[in-house]
Amino acid sequence: MDHATSIYLLIFLLSTAFLYDRITKTIPTRLDSNQAPKSEYGLVPVGTNGSLPRADGVDIIFVHGLGSNPDTTWQAAADRPENQVPNSKRFVNWVSDFLPDDLFQATRRDVRIFHYNYDSYWKRDAVDTRLTKLGDELLEHINEKIRVSEAERSRNLIFVAYSFGGLVVKQALVQARGDFRNIAEHTKAILFLGTPHRGTSFSTWGWLAAQALRPLGSNPFILANLEYDSTSLLDLQTEFEKIIPGDLDVVNFYESRPTQIFRLWLFQWREFCVREQSARYGGEPRVHNVGLSVDHYGLNKFGSRNESYQRILRKLTGVTKSSAPSIKRHYVVPFDKAQTYTGRPELSKDLEQKLQIRHEKASVPYAVALHGLGGAGKSQLALDYAETHRGQYNPVLWIDVTDEEAVRSSFKRCVAELGLPEERGENQGSIFTDAGVQRVLRWLRDRTEADDEWLVIVDNADDFSWGVQKVIPRGDRGSVIITSRDNLSTKLVLGACESVCVGFMSPVEGRALLLQHLQLDERSASESIKHGCDEVANKLGYLALAIDLAGAYIGNDSPSEQALLKYLADYDRHRDELLQMDDFRGLRPTEKTVWTVWDTTLEKVANENKSLRPDMLLTFLAHFKGGIVQDEMFRLASLGMEEVKAELGEEASEGMPAELQKFLPLARGEWDSFHYQRGCGVLLRYNLLQRVDGEWAGVTMHGLVQWRARQNHQSQPWLWWYVVFVLAACCRSIEEQPEFRRNLVGHLPDISEDDGKVREDLLRHQCFIGAKLGRIYYGEGRWGEAEKLFVQVMETRKTKLGADHPSTLTSMANLASTYRNQGWWEEAEKLEVQVMETRKTKLGADHPDTLTSMANLASTFWNQGRWEEAEKLEVQVMETRKTKLGADHPSTLTSMANLASTYRNQGRWEEAEKLEVQVMETRKTKLRANHPSTLTSMANLASTYRNQGRWEEAEKLEVQVMETRKTKLGADHPDTLTSMANLALTFWNQGRWEEAEKLEVQVMETCKTKLGADHPDTLTSMANLASTYRNQGRWEEAEKLEVQVMETRKTKLRANHPSTLTSMANLASTYRNQGRWEEAEKLEMQVMETRKTKLGADHPDTLTSMANLASTFWNQGRWEEAEKLEVQVMETCKTKLGADHPSTLTSMANLAFTWKGQSRHADALALMEECSQVRQRVLGAEHPHTLSSLAAIAKWIS
């Protein structure tokens, strides 16, 4: 060989070596941990549940093919879109991601799944192995890892083998002798996926490739015997067919599409890797051959639950079912779920979630107590869970623990069902030593992790006294559901127990239950039927039992719509009979009715608490009118009971029985709530009451429980006891807790009820009762109810005591005050004059009561705008009090404040200010700076400053008052809210709308919460906020509030009440600002005419309404009509209020603007100049009104 040839040869060899290295560089080696498969070698469990293996179960072993591993053999790219792929993975392993969920549910608990990972890698750094060695290794791994215990050795085996893995399985079974014989005997099925029973034409190509890779450490010997129809494979098949038992199921899956080997443009090479004749064989009855429309690599990779996967799954499920032992499933539930049972999704979800919470140290790891009122549907909820999850548990047992006999009967059924030995003459003594009971409890307790989980429903665990806790099953494999009316039922399970409160049905659930009885659903039922169902469910308080019984009654009639209407009518007229009906006995799962469902609970409460008597407390609470009985009611009643007893005499002391008086004891002048809390605790425990938290915490009860409780002890005078109780609460509420008054109003009894002897007692004490209740109504602004009571009191006292008796005069004054607040000035004045004159005659002109009556009359004059008459009386009262009581006496200061208020309304600011400063300073000295009366005088002075346009001084005082009241009384006290509203008004007058709005919204919302949406103070706050919206140009928001205020006042106070008329005027103003002249004019005309009739043509409010109407005319250019009204207003103001009164000056300015609009420039200018001069003198040069008139003059002159 010459030199050149040698060089060329060297270059060729080096190039070949380089190219060989480049080509083989991508071939992985298992010596590199980064390139080796992630799965460990041997048997790897798939989706294990951590339970110990049970005897007679099934183990499924997946064996991969040649040169592969579990990481890649069973994995495929997820099909897109694929809704069934867990967590939207990019790749899925169907053995771990699909199969555990899809395998036949009934045998899932008895099946374990394994991957078998063996080293058959032949390309690089391969181990020296061959088929026989691989078969031995498979047997050893099975024997040493998953067939150790006797229980494991009794389990059957199923192999799922892909390609070469099938040969490994066959070789293993052929070699299974001696210790491994058990493996062959328990192999019940093999699924071959493309296994080359007769070899493959690709073996030659593989052998050549392995030879080429010898420098890399390949193993060509493992491929040597895979050639088609090789002797070794034929011998293996022959041996395999000889040793397989007759009960072995074999399924051969083969490819029906060739595999693409190579493709270049239009040229492609496609071959069958394992042809059908190699992948299948026959001749045996239990051998099945199934072709799949996939290539060789599609037999073992599924990116979704496609048809090929489903066909393999069906076969695997079939052989698993036949291989799994036939286990009897025990379901011992003595009754079926009601046909009309309506699902309660939220409760069912809660129950399911709570039953997944494991308590390791508890007597049973999973336990939930379903507690709630009788008839709420606890047993049906538990039954629904049992039926829905019966495949999850074995056994499912139902134990009725109503009493010992029910327990004995339940356990006897369980003994028979479980096939436990039963001896004759078993102990029929104590339930705790009963052989049947103990045998079942022991059987449940002894279940191990190799056994199924069990579920026991312990139903009706309402009575703990006989020792029900001792028959609650225990055991590590158990779950227990307890149904009970007792909130303490969670304590029946030692260690820990979850709880679910079964309350009332939702409106949707209640409707659905009734529709079931009518054989309808949401789609098929008409709107009128749905509405009728809603009404029935609502009347019954959404109690499941009551709705179910009503549904049975209604469903018995037809047509449905008429049946619903008939039931509603019957319920209103014959409620007691309907709720006690028992027409469907024997036709429903339960024999209970609304009348009987709580009998055992009520008896238990009474019998077990004979000294405490919570049963009496329940019946007493059932007679309360309000929905919530606040604890504060009992506190106030306990404090006020002595006053009531002193007033009513023997009736009160004898009328309130000792059983109820024990809930009202006093200790050191305070209510001792110990017995009351204990009594409520018992009732709360059995869900006969429900606790309500909040500012005024208390208890409430379901409407049907209230109905049932009122049927008890009907011979007792409950109404009289209730009246006495509420009177006692009223006595102390007036003094101690005015903020509670709104809640107290809801409990005030109707003393017009006719109840025999109780009626006589009510009439005998009508004055005391009416006066107390009337004061509560009066304080809440409910004038109509107060008036009715005060009239009764007054007439009774006139008859019994005489018209001039002091008590009669007091009742007349109270009634007059009610008239005054309703705007009935004439009626109020008539009574007040009568009271004043009588007191002057009987008591003298300077008696304190006479002076009070004079002040009341002055207040009525004041409200009518009769300032001079009011002033005259107030001066007289003030001077007399100064003489009789002293200048710094609280009553004297009050009269001075009243007179100052009259001055303020007359525009006599300096006189008002002088008196108010004097009152304020005296109260600061005598009562302290933060005394409520001092703060009131500061607020009055601030009001005077505000009217003078002295905003900064007003604001300073109002802020001080507001902050002090917040600190002393609380942010939600009525007086605090008043001070906030005053400060908002000051902001409003300065055009500081946002600050005003913020305060007004806060006041309105607090009033709604504390006083109610229709309280007079709430309506005033709404009107104030609407005024702020109006000045900001937010017309729609203002209008919405004003309409609401107006309509509420019309309903609550009458259409002609002064406050109603004010709200109508405000709404008209909003219409005017929007240019809605006709609507504004219509309202203003109505207000003006009503005020003329009710108050007189010269009343300040009447004049204001005339001015407003004139303004509407002015905006429409109706100058003559506007001028006519404005002249009338101005002249009347001059006569009634004086030429210098601010209202008179305002009317002059309005008329000047009207003349200006009529082009009467000289007249307009002269009138405005006159108005401006008087304003400078009366109001001051810096007052806003003065500045406004000066600006108008300057503009007109220019």
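You'll find the chain entered in an unreviewed UniProt entry as GPI inositol-deacylase, with Lasiosphaeria hispida given as the organism.

1. A look at the overall build of the chain
A tally of helices and strands in the chain yields 51 helices and 22 strands. Across the 1198 residues that make up the chain, the buried fraction comes to 51%. In the form shown here, the chain has an accessible surface area of approximately 54,600 Å², with 50% of it arising from carbon and sulfur atoms.

2. So, the packing of aromatic side chains
Under the definition given, this model contains 31 aromatic pairs. Ring geometry for Phe-624 against Phe-725: centres 5.3 Å apart, planes inclined by 75°, an arrangement best described as edge-to-face. Note that Phe-624 is positioned in the loop between helix 22 (614-622) and strand 18 (629-630) and Phe-725 in helix 28 (residues 718-736), a separation of 101 residues in sequence. Taking relative accessible area as the criterion, Phe-624 reaches 2% and is therefore assigned buried. Relative to Tyr-676, the ring of Trp-671 lies with its centre 5.6 Å away and its plane at 55°, an arrangement referred to as tilted. Overall, the relative accessible area of 0% leaves Tyr-676 in the buried class.

3. Topic: the side chain of Thr-880
Relative to the helices and strands, Thr-880 resides in helix 36 (residues 867-885). Residue class for Thr-880 comes out buried when judged on its relative accessible area of 19%. What Thr-880 contacts, discounting residues up to four positions off in sequence, is Asp-846, Leu-851 and Leu-885.

4. Section: the sheet that holds strand 13 (residues 366-371)
Remark on secondary structure: sheet strands pair via backbone hydrogen bonds, oriented parallel or antiparallel. Spatially, the 6 strands line up as an open sheet ordered 12-14-15-16-13-17, and their pairing is parallel. The outermost strands of the open sheet, each flanked by one partner alone, are strand 12 (331-332) and strand 17 (498-501). Two elements, strand 13 and strand 16 (residues 478-484), share 6 bridges in a ladder whose sense is parallel. Counted as the bridge partner of Val-368 is Ile-481 from strand 16. On the sheet, helix 13 (residues 345-354) packs against strand 13, strand 16 and strand 17 and is oriented at approximately 175° with respect to strand 17. In the packing of helix 14 (residues 378-388) onto the sheet, the strands contacted are strand 12, strand 13, strand 14 (396-400), strand 15 (454-459) and strand 16, and the crossing angle to strand 16 comes to about 160°.

5. Examining the pattern of salt bridges
With the rule as written, the count across this model stands at 57 salt bridges. A salt bridge links Arg-1076 to Glu-1039, with the shortest nitrogen-to-oxygen separation between them at 2.9 Å. A residue pair is termed long-range when its members are at least 10 positions apart, and Arg-1076 in the loop between helix 45 (1058-1073) and helix 46 (1077-1095) and Glu-1039 in helix 44 (residues 1035-1053) qualify at 37 residues. Across the pair Glu-1079 and Arg-1076 runs a salt bridge whose closest N-O atoms are separated by 2.8 Å. A residue is classified by how much of its surface remains accessible, and Glu-1079, at 36% relative accessible area, is partly exposed. Residues joined in a network through salt bridges with shared partners are Arg-511, Glu-522, Glu-527, Lys-530 and Asp-534.

6. A closer look at the pairing of strand 5 (residues 111-117)
The element strand 5 is extensively covered by neighbouring structure, given that 7 of its 7 residues are classed as buried. With burial as the criterion, each face of strand 5 is covered, one bearing Val-111, Ile-113, His-115 and Asn-117 and the other bearing Arg-112, Phe-114 and Tyr-116. Note: strand 1 (residues 42-46) against strand 5, 5 bridges, orientation antiparallel. What sits directly across from Gly-42, in strand 5, is Asn-117. Where strand 2 (residues 58-63) and strand 5 come together, 6 bridges link them in parallel fashion. Note on strand 5: the bridge partner recorded for Asp-59 is Arg-112.

7. Description of the sheet that holds strand 5
Spatially, 7 strands are ordered 1-5-2-6-7-8-11 in an open sheet, and the strand pairing comes out mixed. Two strands in the sheet have a free side with no partner beyond their single neighbour: strand 1 and strand 11 (287-292). When strand polarity is set aside, the average angle formed by the axes of neighbouring strands in this sheet is 20°. Pairing of strand 8 (residues 249-255) with strand 11 involves 6 bridges; the strand directions are parallel. Within strand 11, the position partnered with Val-251 by the bridge is His-288. The strands touched by helix 5 (residues 131-146) are strand 1, strand 2, strand 5 and strand 6 (156-162); relative to strand 5, the strand with the most contacts, the crossing angle is about 140°. Sheet strands in contact with helix 12 (residues 307-323) are strand 2, strand 5, strand 6, strand 7 (187-193), strand 8 and strand 11, and its direction is about 170° off that of strand 7.

8. Quick look at the nonpolar core
Counting 107 residues, the largest nonpolar core has Leu-540 and Phe-634 as the members making the most contacts within it. The contact partners of Leu-540, leaving out residues within four places of it in the chain, are Ala-546, Ile-547, Ala-550, Tyr-567, Tyr-571, Leu-579, His-702 and Leu-704. Grouped together as the second largest cluster of nonpolar side chains are 37 residues, Ala-172, Leu-173, Phe-192 and Tyr-281 included.

9. Overview of the side chain of Arg-797
Relative to the assigned elements, Arg-797 resides in helix 32 (residues 783-801). Beyond its immediate chain neighbours, meaning those up to four positions away, Arg-797 contacts Cys-767, Gly-802, Ser-807, Thr-808 and Ser-811.

10. What about the packing of helix 17 (residues 507-517) against helix 19 (residues 544-555)?
At a minimum axis separation of 8 Å, helix 17 and helix 19 run at an interaxial angle of 30°. Comparing the axis directions of helix 17 and helix 19 gives the class roughly parallel. For the element pair helix 17 and helix 19, the recorded crossing hand is right-handed. Where helix 17 approaches helix 19, its residues Gly-510, Leu-513, Leu-514 and His-517 are matched on the opposing element by Ala-544, Ile-547, Asp-548, Ala-550, Gly-551, Ala-552, Ile-554 and Gly-555. Partitioned by chemical class, the residues of the contact of helix 17 with helix 19 number 7 nonpolar, 4 polar and 1 charged.

11. Notes on the environment of Trp-1114
By the element assignment, Trp-1114 lies in helix 47 (residues 1100-1115). Overall, the relative accessible area of 30% leaves Trp-1114 in the partly exposed class. Expressed as a C-alpha distance, the spacing of Trp-1114 and Leu-1151, which sit 37 residues apart in the sequence, is 10.0 Å. If sequence neighbours within four positions are ignored, Trp-1114 has contacts with Trp-1119, Ala-1122, Phe-1153 and Thr-1154. For Trp-1114, the side chain forms a polar contact with the main-chain oxygen of Phe-1153, separated by 3.4 Å.

12. A word on helix 16 (residues 435-445)
Buried residues of helix 16: Gly-436, Val-437, Arg-439, Val-440, Leu-441, Trp-443 and Leu-444, and no others. Against strand 14, helix 15 (404-418) and strand 15 lie the buried residues of helix 16.

13. A short note on helix 47
Between its terminal C-alpha atoms helix 47 stretches 23 Å, which fits the 22 Å expected from 16 residues at 1.5 Å a residue. Along helix 47, the residues classified as buried are Pro-1100, Thr-1102, Leu-1103, Ser-1105, Met-1106, Leu-1109, Ala-1110, Thr-1112 and Phe-1113. Looking at the buried positions of helix 47, the neighbouring elements they touch are helix 36, helix 45, helix 46 and helix 48 (1119-1136). Immediately beyond the C-terminal end of helix 47, within one or two residues, lies Gly-1117, with a positive phi of roughly 75°.

14. Let's talk about the state of the cysteines
According to the stated counting rule, one finds 0 disulfides in the structure shown. With no disulfide partner, Cys-730 has as its closest neighbouring cysteine sulfur the one in Cys-731, 7.0 Å distant.

Calculation notes
- Residues numbered from 1 in each chain as written.
- Predicted model: local features only at pLDDT ≥ 70, side-chain atom pairs only at ≥ 80, totals over all residues.
- Heavy atoms only, no water.
- Helix = DSSP H or I, 4+ residues; strand = E, 2+ residues; numbered from the N terminus.
- Buried < 20%, exposed > 50% of the residue type's maximum accessible area, 1.4 Å probe, protein only.
- Areas by Shrake-Rupley, 256 points an atom, 1.4 Å probe, with all protein chains shown as cover.
- Phe/Tyr/Trp six-rings, centres within 6.5 Å; stacked < 30°, edge-to-face > 60°.
- Contact = heavy atoms within 4.5 Å.
- Pairing = 2+ DSSP bridges.
- Axes fitted to C-alpha atoms, helices over the stretch in contact; angles between N-to-C directions.
- Salt bridge = Lys/Arg side-chain N within 4 Å of Asp/Glu carboxyl O.
- Core = buried A, V, L, I, M, F, W, Y, C linked by side-chain atoms within 4.5 Å.
- Parallel < 35°, antiparallel > 145°, perpendicular 65-115°, else oblique.
- Left-handed = near helix turned anticlockwise from the far one by under 90°.
- Nonpolar A, V, L, I, M, F, W, Y, C, P; charged D, E, K, R; others polar.
- Polar contact = N/O pair within 3.5 Å; in protein donor to acceptor, adjacent residues only side chain to side chain.
- Expected span 1.5 Å × (residues − 1).
- Disulfide = S-S within 2.5 Å.

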